Amino acid sequence: MPVVPRHTTCLLFMLHVLFYSSRAITIMSGSPSPLTTHVLNTALGVPGSNVNLKLFQQDPSTSAWHLITTGTTNKDGRCPGLITQQQFKSGVYKLHFETSQYWASMGQASFYPYVEIVFTVTDPDQMYHVPLLLSRFSYSTYRGS
């Protein structure tokens, strides 16, 4: 059996760890999407699961909204894989959350039939996290990381 120099063995081991660690992170997060969101039901202190949502981008020349994707939040209140890095460009985006359907599924009424969060992406190489903190009579959001 050939003798492999120690530094080569260490390098191969580090490459192996790096490859499988980054793969695990991608699998755990569901997607390497540059835009993430989650819904938190602040009235009950639980993730907002099964919230239908849509992601739109505004056309800068006409101001018309173009649908990019639709999704539903998972049991953790997250919706992975909203947009790919290749699709993600500078511009104005809108996340539309179907909050009325969410509250109705729990037998409750909501003051807001939907919530729309409009935000500007100035650097598509950055990560953008846009959460929705939700109760039946209020909501808030912020730019997370």
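With an unreviewed UniProt entry as reference, the chain is termed 5-hydroxyisourate hydrolase, source organism Cyprinodon variegatus. Under the UniProt heading Pathway (unreviewed entry), the entry covering the chain gives this text: "Purine metabolism; urate degradation; (S)-allantoin from urate: step 2/3."

Visitor: Residues and numbers for the packing of aromatic side chains, please.
Guide: Taken as a whole and assessed by the stated rule, the structure comprises 6 aromatic pairs. An angle of 70° between the planes, with centres 5.7 Å apart, marks the rings of Phe88 and Tyr128 as edge-to-face. In this pair, Phe88 sits in the loop between strand 5 (65-72) and strand 6 (91-97) while Tyr128 sits in strand 8 (residues 128-129), placing the two residues 40 residues apart along the sequence. Residue classification places Tyr128 among the buried residues on the basis of a relative accessible area of 3%. Ring centres of Tyr112 and Tyr139 lie 5.1 Å apart, and the angle between their planes is 85°; this geometry places the pair in the edge-to-face category. Remark: Tyr139 occurs in strand 10 (residues 139-141) and Tyr112 occurs in the loop between helix 2 (99-104) and strand 7 (115-121); sequence separation between them is 27 residues. On the accessibility criterion, Tyr112 (26% relative accessible area) is partly exposed. Judged by its relative accessible area of 36%, Tyr139 falls in the partly exposed class. Among the aromatic residues, those joined into a cluster by ring pairs are Phe88, Tyr93, Phe119 and Tyr128. The aromatic ring of Tyr128 is capped on one face by Arg143, whose charged end is 3.9 Å from the ring centroid.

Visitor: Please provide a residue-by-residue account of a nonpolar patch on the surface, values included.
Guide: On the surface, a cluster of nonpolar side chains totalling about 240 Å² of accessible area is made up of Leu44, Val46 and Met106. For Val46, the location among the structural elements is in strand 3 (residues 46-47). Taking the relative accessible area as the measure of exposure, Val46 reaches 34% and is therefore partly exposed.

Visitor: Before we move on, could you go through unusual backbone geometry and cite the residues and values that matter?
Guide: For Asn50, which is not glycine, the phi dihedral falls at a positive 65°. Mapped onto the elements of the fold, Asn50 is located in the loop between strand 3 and strand 4 (52-58). A relative accessible area of 57% places Asn50 in the exposed class. With phi around 65°, Ser63 is a residue other than glycine that occupies positive phi space.

Cut-off values and rules
- Residues numbered from 1 in each chain as written.
- Predicted model: local features only at pLDDT ≥ 70, side-chain atom pairs only at ≥ 80, totals over all residues.
- Heavy atoms only, no water.
- UniProt positions renumbered as here; feature names shortened; annotations may be inferred.
- Phe/Tyr/Trp six-rings, centres within 6.5 Å; stacked < 30°, edge-to-face > 60°.
- Helix = DSSP H or I, 4+ residues; strand = E, 2+ residues; numbered from the N terminus.
- Buried < 20%, exposed > 50% of the residue type's maximum accessible area, 1.4 Å probe, protein only.
- Lys NZ or Arg CZ within 6 Å of the ring centre and 35° of its normal.
- Patch = residues over 30% accessible without salt bridge, like charges linked within 9 Å, V, L, I, M, F, W, Y side chains within 5 Å.
- Areas by Shrake-Rupley, 256 points an atom, 1.4 Å probe, with all protein chains shown as cover.
- Salt bridge = Lys/Arg side-chain N within 4 Å of Asp/Glu carboxyl O.

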